[in-house]
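Below are the chains, spelled out letter by letter.
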Amino acid sequence: MGKKVVVALGGNAILSDDASAKAQQEALVQTSKYLVQLVQAGNDLIISHGNGPQVGNLLLQQQAANSEKNPAMPLDTCVAMTQGSIGYWLSNAMSNELAKKEIDKQVATVLTQVVVDENDPAFKNPSKPVGPFLTKEEADEEMKSGATFKEDAGRGWRKVVPSPKPTDIHEASTINKLVNSDVVTISCGGGGIPVVGKSLQGVEAVIDKDFASEKLADLVQADTFIILTGVDNVYINYGKENEKKLEQVTVAELEEYKEQGHFAPGSMLPKIEAAISFANNNPEKQAIITSLENLGKMEQNETIGTVITK
Ligand SMILES: Nc1ncnc2c1ncn2[C@@H]1O[C@H](COP(=O)(O)OP(=O)(O)O)[C@@H](O)[C@H]1O
Ligand SMILES: NC(=O)OP(=O)(O)O
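For clarity, every value in this text was computed on a predicted model and none was experimentally measured.

K.L.:
Can you help me understand the site of ligand 2 in this one?
P.N.:
Contacts to ligand 2 come from G50, N51, G52, P53, K128, G190, G191, V206, I207, D208 and K209. The separation between a nitrogen atom of ligand 2 and a polar side-chain atom of N51 is 3.0 Å. Between ligand 2 and I207 there is a distance of 3.1 Å, counted from a nitrogen atom to a backbone nitrogen or oxygen. Compared with its free state, where it exposes 260 Å², ligand 2 has 90% of that area covered by protein. Partitioned by chemical class, the residues of the shell around ligand 2 number three nonpolar, five polar and three charged.

K.L.:
Would you take a moment to explain the site of ligand 1 for this structure?
P.N.:
Within the structure, ligand 1 sits among 18 residues, and G11, K209, T229, Y235 and K271 are positioned closest to it. Separating an oxygen atom of ligand 1 from a side-chain N or O atom of R155 is a distance of 3.1 Å. In the model, an oxygen atom of ligand 1 is placed 3.2 Å from a nitrogen or oxygen of the Y238 side chain. Protein burial of ligand 1: of its 570 Å² of free accessible surface, 83% is covered by the chains. At the level of secondary structure, the elements contributing two or more residues to the shell around ligand 1 comprise β13 (234-236) and α8 (268-281). In the shell around ligand 1, the residues fall into seven nonpolar, eight polar and three charged.

Criteria and cut-off values
- Each chain has its residues counted from 1, running along the sequence as written.
- Each chain is given a letter, starting from A, and each ligand a number, starting from 1, according to the order in which they appear as written.
- With the structure being a predicted model, the display of local features is reserved for residues of pLDDT at least 70 and the display and counting of side-chain atom pairs for 80 or more, all residues being used for whole-chain, interface and lining totals.
- Only hydrogens and water are removed before side-chain values are computed, so all heavy atoms of the structure are retained for them.
- In this text, near means that some heavy atom of the residue lies within 4 Å of the molecule or strand in question.
- Whenever a nitrogen or oxygen atom comes within 3.5 Å of another N or O atom, the pair is scored as a polar contact, on the condition that within protein one atom can donate a hydrogen and the other can accept it, and that pairs from neighbouring residues in sequence are kept only if both atoms are in side chains.
- For accessible areas, the Shrake-Rupley method is used with a probe of radius 1.4 Å. Any residue's cover is judged against the shown protein chains and nothing else.
- Following the grouping adopted for this structure description, the nonpolar residues are Ala, Val, Leu, Ile, Met, Phe, Trp, Tyr, Cys and Pro, the charged ones are Asp, Glu, Lys and Arg, and the polar ones are all others, Gly among them.
- A helix here means a DSSP run of H or I that spans at least four residues, while a strand means a run of E at least two residues long, and both kinds are numbered starting from the N terminus.

Following this line, the structure appears as structure tokens:
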């Protein structure tokens, strides 16, 4: 057995400006080249991924075609649909890349139900941005029909949906069995399908994939938790003249920076909170926030990205 590494894939690993299936598949072929390096280095890879842009686009498609004979699907089903589509593209790309490198490993995508608390206050306060970026005027127009839109970290206005915290992952032990059987897994896509109660009732929400991935990393007892995103490092004073790159950082230091407001809600903040949880729950282990392109350096045993420890 190698080291268990949970890798949470951010948006740019899947989707750039072109939301077509072909472009997303091509992005994931490139992403797989980096991920296979981790496999080549002897790690047991446990992949998760986001779905914010995709599930928002799917909701728009549902609304556009909605009729009595072809009803729009609810949000939990849309999350499941994006787990299926992205899981297919990624599984396909990973299988091909492993075969190219003559690595004899199976890849399996696990449809994942993630348990949330039905009384989570997030149900009354939509906060998770999904779908395309709109201008303020476009958002104002959309809000007339009752949807909520918020400004997303300086990048435009996006629809927001409830995003409760994950409390458990229904398929965690199945995922662990697959990992222990040398299978590369893809799970918790789009944060997982949100379900409540013992009967696993689906609820309309989108769980943050950084929090779901952290929960998965705890449950499979991962050695390392990596969050891949659009930047090589986390910064304080990000985007300002006096920005400073964080390399090795403790939970206490990050908590202080968080209090000082260095991390944008809806973008870097959930990653910081997920990394803090992993380091707190696994004091001997480390969480890493970095870019896909930086992964190659990890293979050469270089310290990469922002490393968070207790
Ligand atoms: N303090 C910060 N340090 C680095 N990046 C930050 C910071 N605050 C906000 N960001 C922005 O957050 C982005 C990551 O969030 P986002 O793009 O929403 O994540 P994802 O990769 O999961 O889709 C970075 O690419 C960067 O533009
Ligand atoms: N579900 C989720 O967190 O997706 P993004 O990472 O794409 O926002």
